[in-house]
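# Structure assessment
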Amino acid sequence: MPTDRGTPVLRARGLVKRFPGVRALAGVDLDLHPGRVHALVGENGAGKSTLIKVLTGVHGRDGGELELDGRPAGFATPAEAQRAGLATIYQEVDLLPLLSVARNLFLGREPRWFGLIDFPRMHREAAEALGEYGVHVDVRRPLGDLSMGARQMVALARAVSARARVVIMDEPTSSLEPREVHTLFEVIGRLRGRGIAVVYVSHRLDELYEVCDDVTVLRDGHAVHSGPLAGLERLRLIALMLGRDMSEVAREGATTFAGAHDVAGGAPALTAEALTARHRLRGVSLDIRPGEVVGLGGLLGSGRTETARAVAGDLALEEGRVAVAGLPVRGRGTAAAIRAGISLLPEDRKHEGIVPGLSVRENIALAAMPRLSRFGLVSERRVDRVVSTFMERLRIKATGPSQKVEELSGGNQQKVLLARWLALNPAVLLLDEPTRGIDVGAKAEVQRLVDELAEDGLGVLLISSDLEELVEGADRVVVLKDGAVVGELSGASVTEDALVDAIARGEASPVVRDRSDGGAGAAPEEEVER
Amino acid sequence: MSAASVMARVDRDRARSWLQDYGVYVGVAAIVLFNVVFTPGFVSLENFRVQAVQAAPIVVVALGMALVIATGGIDLSVGAVMALSAAFVSLYLGYGPLVSVLVALLVGAVAGAVNGTIVAVAGVQAIIVTLAMMIAGRGLALVLVPQLEGIRNPALREFGSGSVAGVPYVVWVAALMVALVLFLVRRTLFGRRLVAVGGNRRAAELSGLPVRRTLLLVYTLCGALAAVAGVMTTARLQASDPNSVGLLIELSAITAVVVGGTPLSGGRVRVAGTVAGAILMQLLVATLIKHNLPPSWTQMAQTAVIIAAVYVARERGRS
């Protein structure tokens, strides 16, 4: 709980924000103190962005109070918040790349000379202002010529020079080089020195510990923890973000996974070696045996989705090999991977999965169509057979095969997509967040199906942000961080605590992955399969 | 929202959807009825034949356009490709009518393939690529054949104005093209792919569909069909006139496709609706001319129809 540090510059009490069908903020408290950097953390959908938008007047609030300097406040528009001294720097720099650096800096408040812009003065002041942020460039050049880091500084200088009291930074380092991050931290230090309250949103825990004083953890629209960051263990912070009580033993029966699978010996269903893609994957290797469900753990941006996409031929690799049942995938691209027996259920059902205008039937048959055709002619009979088989097996609820897929519920759409991939009779199934955004019933069915498929001898890769799902569904969990494998849990050691621990400590002690011999080289948090 | 107003919205959506799918047939019926009552000499075998002959090139061009639009693209160069093919017919007539026609069709396919390559491989927006081809294609046609050139060839004249079994050759050819495109759309892998690419390109890619090859083929086919229309027009006029052949036909073709129920956003193709749309365009022009309105009026009428059609399709595409 916030300790007594005098009057907060900005105080929020019980903020509520509803969107149709969801309560994005369910009574959030937040105290921002002058001269302190306040971290705002939480997984995707926890309510961070909504909170910032409510604070800065982008969204109106549905409940709660806001005080600025102890006086009731509330901003109807972002401009109003800005005038009151709240400056926000968004993830995507919202400046005009074709205008000069100086014009961007002074946009809307240019120094005037008889109604005209006083260019010499503007350029001089711009150069001075940017110098303070470690940016020494010709301010007459278009902003677009600058590096992302420098642009971020311009955005920052623009926001802060407007006599800001509170500066809100939403993932400011997501597109910065390490050196630029360093400069940013210096600037933050200076802001702190000037008594400005800074809100810092980031997924990178290292940064938080380096630069922040206080932290508020959001989860499902609640502020689940608030207090000084120093003294808060990293492990505990992650547990708070993910909503796992450290002491609590993994509950059973919350998912419908049956437990361990009989993993067949012999050649792995999938072998991926040293997958490397610039900025995304740094030598990820993993294998999946037939009948095994391998989970991919890690925080957002750790390279889980990228790994699946790389295996499925959807991410251009600089290096790396993928083999199915010992046979290397020949050729590049998704078609080659599909031919080799790899199916990927993508994360984004709407944008990467369903083809909205088409029927359930056409959506199911989409990927398998070449196999249901001869000489380029589609065999309707064979399509019908496959479609009815899978609609029955997955219990897809539709008025019939000809119903438009967009009219189905999220869960049934997901089943249609699963049917699309199962119709290919794959050897390896990659599932990227298979139960996200679907109702409880459908979720249970999908989980049961994953179990069945593994029993049938498929190799399954399971990506899920839901730790429970990962722990109960997977026989083994490979943990990623910053695009590299940092740990692995298997057998009885696959527990939520161990997983949270592995995710948290991943960076501290890179684990030598070694499953076959007695565990030499394994890090302490990793128990080795018996 | 109350139950009643939800129901009202559902009803409105349904009405809109019905209008998008079948409105074109209502339109054709209405305009035929109007002419039967108000246009002297409309109901005659000779007039039907004239209307059919004049509608034939629009139908053929609109078929190619429908395929392109189904992939989420557009082809503004169809009129220019018609002019190009007309130019090549007259250039190669010395080698005999068959050779000249084949060359013209090949040139159309090549122009379409150039469009398709730039769209599919380089990823430039179709509207820009085909706009460039529209300017360059007609420019090239004018360089090759600077002014109207009469074509005296008995075989071509027969093709342009003769009939078999009482039906003009050009109408037979148009019918054949309709059958071909129907077959492609209904029965082949290619037909399934093109709507999938238009409906969700990313999903198509992830499903291993050859997206680029499909796009390339669609634009090539559209170019070839435009060339067929160019040959038809040349044969009927017995002249190659790069200045006027296919001028503004892209407007008629796009209107026909959209009125026929194929959404501009792609993901769906309606062949029969497109044919009806093309016939509607022809009847609209004929009606206004028969009632002594200047040709510029017909263009304005066409634009009104296309706006109305896109308006009807609007809400469904958004939801």
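Cut-off values and rules
Residues numbered from 1 in each chain as written. Chains lettered and ligands numbered in written order. Predicted model: local features only at pLDDT ≥ 70, side-chain atom pairs only at ≥ 80, totals over all residues. Heavy atoms only, no water. Contact = heavy atoms within 4.5 Å. Buried area = accessible area lost by both parts, 1.4 Å probe. Salt bridge = Lys/Arg side-chain N within 4 Å of Asp/Glu carboxyl O. Polar contact = N/O pair within 3.5 Å; in protein donor to acceptor, adjacent residues only side chain to side chain. Helix = DSSP H or I, 4+ residues; strand = E, 2+ residues; numbered from the N terminus. Phe/Tyr/Trp six-rings, centres within 6.5 Å; stacked < 30°, edge-to-face > 60°. Buried < 20%, exposed > 50% of the residue type's maximum accessible area, 1.4 Å probe, protein only. Lys NZ or Arg CZ within 6 Å of the ring centre and 35° of its normal. Expected span 1.5 Å × (residues − 1). Pairing = 2+ DSSP bridges. Axes fitted to C-alpha atoms, helices over the stretch in contact; angles between N-to-C directions.

## Here's the deal with the interface of chain B and chain A
Counting residues at the interface gives 21 residues for chain B, matched by 31 residues for chain A. Summed over both sides, the interface of chain B with chain A buries roughly 1900 Å², with 55% coming from carbon and sulfur. Among the residues chain B hides against chain A, the three largest losses belong to Leu 189, Arg 192 and Leu 206 of chain B. Together they make up 33% of the total. Linking chain B to chain A there are four salt bridges. Notably, a salt bridge pairs Glu 362 of chain A with Arg 192 of chain B, separated by 3.1 Å at the nearest N-O pair. Put simply, chain B and chain A have 11 residue pairs in polar contact (both at pLDDT 80 or more) between them. At the level of elements, α7 (169–187), α8 (189–199) and α9 (201–206) of chain B are the ones that each hand at least two residues to the side of chain B that touches chain A. If one sorts the elements of the side of chain B that touches chain A by residue count, α8 of chain B sits on top with six residues.

## A closer look at the packing of aromatic side chains
Scanning all chains against the criterion turns up eight aromatic pairs over all chains. Residues Trp 113 of chain A and Phe 114 of chain A carry aromatic rings whose centres are separated by 5.1 Å and whose planes lie at 70 degrees to one another, so their mutual orientation is edge-to-face. Among the residues examined, Trp 113 of chain A registers a relative accessible area of 53% and is labelled exposed. Judged by its relative accessible area of 75%, Phe 114 of chain A is exposed. Ring centres of Phe 185 of chain A and Tyr 200 of chain A lie 6.4 Å apart, and the angle between their planes is 65 degrees; on these two criteria the pair is classed as edge-to-face. Pair noted here: Phe 185 of chain A is in helix α6 (residues 178–193) and Tyr 200 of chain A is in strand β10 (residues 197–201), with a separation of 15 residues, a long-range link. By the ring-pair criterion, three or more aromatic residues cluster together here, those being Trp 18, Tyr 22 and Tyr 25 of chain B. Above the face of the Tyr 22 of chain B ring, Arg 270 of chain B is positioned so that its terminal group lies 5.7 Å from the ring centre.

## Observations concerning helix α3 (residues 78–91) of chain B
One turn of an α-helix holds 3.6 residues; hence residues three or four places apart share an orientation. Its 14 residues place the ends of α3 of chain B 20 Å apart at the C-alpha level, agreeing with the 20 Å of an ideal helix rising 1.5 Å per residue. The buried count for α3 of chain B comes to 13 of 14 residues, which makes it a mostly enclosed element.

## A short note on the sheet that holds strand β22 (residues 459–463) of chain A
All names here are of chain A. A sheet is described by the order of its strands in space; here six strands give the open sequence β18-β21-β22-β15-β23-β24, paired in mixed fashion. In the strand order of this sheet, the two ends are held by β18 (342–345) and β24 (484–490), each with one partner. Taking the axes of each pair of neighbouring strands and ignoring which way they run, one obtains an average angle of 20 degrees across the sheet. As judged from the five bridges shared by strand β21 (residues 428–432) and β22, these two strands associate in the parallel manner. Its bridge partner being in β22, Asp 432 is matched across the sheet by Ile 463. Across the sheet, helix α9 (residues 304–311) touches β15 (293–297), β18, β21, β22 and β23 (476–481), and the angle it forms with β22 is around 150 degrees. The sheet strands contacting helix α14 (residues 410–422) are β18 and β21, and the helix crosses β18 at an angle near 170 degrees.

## Observations concerning the pattern of salt bridges
Applying the stated criterion across every chain, the model contains 29 salt bridges over all chains. Arg 202 of chain B is paired through a salt bridge with Glu 352 of chain A; the nearest N and O atoms lie 3.1 Å apart. Residue Arg 202 of chain B is found in helix α9, and its partner Glu 352 of chain A is found in helix α11 (residues 349–353); the two belong to separate chains. The class for Arg 202 of chain B is partly exposed, based on a relative accessible area of 22%. A residue is classified by how much of its surface remains accessible, and Glu 352 of chain A, at 18% relative accessible area, is buried. With a shortest N-O distance of 2.9 Å, Glu 362 of chain A and Arg 361 of chain A are connected by a salt bridge. The same class applies to Glu 362 of chain A as to Arg 361 of chain A, namely buried. Look at the salt bridges and you will find they share partners, linking Arg 309, Asp 314 and Glu 352 of chain A together with Arg 201, Arg 202 and Glu 205 of chain B into a network.

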